[in-house]
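If you want the building blocks of each chain, they are given just below.
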Amino acid sequence: MKQIWAPWRMQYIKQCQTAKTKNDGCFLCLPNKKNSYVVYQGKYCYIMLNRFPYNPGHLMIVPYRHLGSIEQLSESESQEMFQLMNYSISALKQTMKPEGFNIGINIGNVAGAGVPDHIHIHLVPRWLGDTNFLPVLTDTKIINQALKDTKQKLKKIIKSIVK
């Protein structure tokens with residue numbers, strides 16, 4: 001059997017264990033936290049890298065207000081969320097050249113929302129062949145680009161896109 005080293009996953013495991021016993025508030029409400037993966041801050045919403053991505057470049061578009069559902073968004077928040085999604089798609093196309101995207105909003109626990117009380121859009125770049133047997137057989141996904149590198153590239157491109 002071959003081994004794949006992913007020591008960064010231990011941070012995720014510890015975070016999940018801690019979250020069960022400790023409530024530090026909503027991490028999506030704290031986009032300016034130290035070591036944050038925010039790539040752009042708008043007036044009502046921001047764009048951040050998912051710290052535990054499905055694929056490299058997995059972004060989330062998040063309103064600053066802590067809201068649990070789409071219908072609670074103001075018109076300005078809704079418009080900016082979708083504008084930031086467009087900026088994100090353009091930036092990912094320029095930097096990572098994906099062949100497609102998965103875009104989704106999970107509302108509520110039963111829909112798979114990891115943070116059910118703070119609405120956000122997931123934007124996942126996709127490439128032909130970006131999946132293999134590992135997720136199916138071992139519940140393991142290999143991410144082949146460091147978040148810090150992805151953040152630097154996207155932050156620079158998004159800044160040039162936003163006028």
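Heads up: the structure comes first, above all this text.
Residues numbered from 1 in each chain as written. Predicted model: local features only at pLDDT ≥ 70, side-chain atom pairs only at ≥ 80, totals over all residues. Heavy atoms only, no water.

Student: Can you help me understand the pattern of salt bridges in this one?
Tutor: Between side chains of opposite charge, pairing is possible as soon as their charged atoms come close. Evaluated as defined, the whole model comprises 1 salt bridge. One salt bridge in this structure joins Glu77 and Arg65, with 2.6 Å as the shortest N-O distance. Of the two residues, Glu77 is situated in helix H2 (residues 75-95) and Arg65 in the loop between strand S3 (59-63) and H2; the sequence distance between them amounts to 12 residues. According to the relative accessible area criterion, Arg65 is partly exposed, its value standing at 41%. (Salt bridge = Lys/Arg side-chain N within 4 Å of Asp/Glu carboxyl O. Helix = DSSP H or I, 4+ residues; strand = E, 2+ residues; numbered from the N terminus. Buried < 20%, exposed > 50% of the residue type's maximum accessible area, 1.4 Å probe, protein only.)

Student: In this structure, what is going on with the pairing of strand S1 (residues 38-41)? I would like to understand it.
Tutor: The two faces of a sheet get side chains in turn, since along a regular strand they alternate between them. Where S1 meets strand S2 (residues 45-49), 3 bridges bridge the pair, whose relative direction is antiparallel. Within S2, the residue paired with Gln41 across the bridge is Tyr46. Counted along the chain from S1 to the antiparallel partner S2, the turn is 3 residues long. (Pairing = 2+ DSSP bridges.)

Student: How should unusual backbone geometry be read in this particular structure?
Tutor: Backbone geometry follows two general trends: most residues other than glycine have a negative phi, and most peptide bonds adopt the trans configuration. You will see that Lys97, though not glycine, has its phi angle at about 50°, which is positive. Among the structural elements, Lys97 can be located in the loop between H2 and strand S4 (100-104).

Student: How should I be thinking about the sheet that holds S3 in this particular structure?
Tutor: Backbone hydrogen bonds hold the strands of a sheet together, and the pairing may be parallel or antiparallel. One open sheet accounts for 5 strands, arranged S1-S2-S3-S5-S4; its pairing is antiparallel. Of all the strands in the sheet, the pair left with one neighbour each is S1 and S4. Taking each pair of neighbouring strands and ignoring which way they run, the sheet shows an average axis angle of 20°. With 3 bridges joining them, S3 and strand S5 (residues 121-126) adopt antiparallel strand pairing. Of the residues in S5, the one forming a bridge with Met60 is His122. (Axes fitted to C-alpha atoms, helices over the stretch in contact; angles between N-to-C directions.)

Student: Before we go on, may I ask you to explain H2 in this structure?
Tutor: An α-helical turn contains 3.6 residues, so a residue and the one three or four places further along point in the same direction. For H2, spanning 21 residues, the distance from its first C-alpha to its last is 30 Å, which sits close to the expected 30 Å at 1.5 Å a residue. Of the positions making up H2, those classed as buried are Glu77, Glu80, Met81, Leu84, Met85, Tyr87, Ser88, Ile89, Ala91 and Leu92. Buried residues belonging to H2 abut S1, S2, S3, S4, S5 and helix H4 (147-161). (Expected span 1.5 Å × (residues − 1). Contact = heavy atoms within 4.5 Å.)

Student: Looking at this structure, I do not really get the pairing of S5. What am I missing?
Tutor: The buried count for S5 comes to 5 of 6 residues, which makes it a mostly enclosed element. Bridging between S4 and S5 involves 5 bridges; their strand directions are antiparallel. Across the sheet, Gly100 pairs through a bridge with Arg126, a residue of S5.

Student: What is the right way to read the nonpolar core from this model?
Tutor: Soluble, globular proteins show a tendency: their nonpolar side chains are buried together. Of all hydrophobic cores here, the largest spans 25 residues; its most connected members are Val39, Ile47, Leu59, Ile61 and Leu154. Breaking this core down by element, the ones donating at least two residues are S2, S3, H2, S5 and H4. When residues of this core are assigned to their parent elements, the largest contribution, 7 residues, is made by H2. Counting 8 residues, the second largest nonpolar core, distinct from the first, contains Val38, Tyr46, Met48 and Val62. (Core = buried A, V, L, I, M, F, W, Y, C linked by side-chain atoms within 4.5 Å.)

Student: Would you mind showing me how to read H4 here?
Tutor: Its 15 residues place the ends of H4 21 Å apart at the C-alpha level, agreeing with the 21 Å of an ideal helix rising 1.5 Å per residue. Burial in H4 covers these residues: Leu147, Thr150, Leu154, Ile157, Ile158 and Ile161. Across the axial projection of H4, the buried residues extend over an arc of 110°, all falling on one side. Away from its buried face, by an angle of more than 90 degrees, H4 presents the exposed residues Lys148, Gln152, Lys156 and Lys159. Those residues of H4 that are buried are in contact with S1, S2, S3 and H2. (Arc of directions from axis to C-beta.)

Student: Whenever I open this one, the packing of H2 against H4 confuses me. Can you help?
Tutor: Any two packed helices are characterised by how steeply their axes cross, that is the angle between the axes, and by the distance between the axes. Two elements in contact, H2 and H4, have axes separated by 9 Å at closest approach and are oriented at 125°. The angle between H2 and H4 places the two elements in the oblique class. Between H2 and H4 lies a crossing of right-handed hand. Here Tyr87, Ser90, Ala91, Leu92, Gln94 and Thr95 of H2 lie close against H4, whose contacting residues are Lys153, Leu154, Ile157, Ile158 and Ile161. When grouped by side-chain class, the residues that make up the contact of H2 with H4 number 7 nonpolar, 3 polar and 1 charged. (Parallel < 35°, antiparallel > 145°, perpendicular 65-115°, else oblique. Left-handed = near helix turned anticlockwise from the far one by under 90°. Nonpolar A, V, L, I, M, F, W, Y, C, P; charged D, E, K, R; others polar.)

So, to be careful, I would describe these as geometric facts and stop short of saying anything about function.
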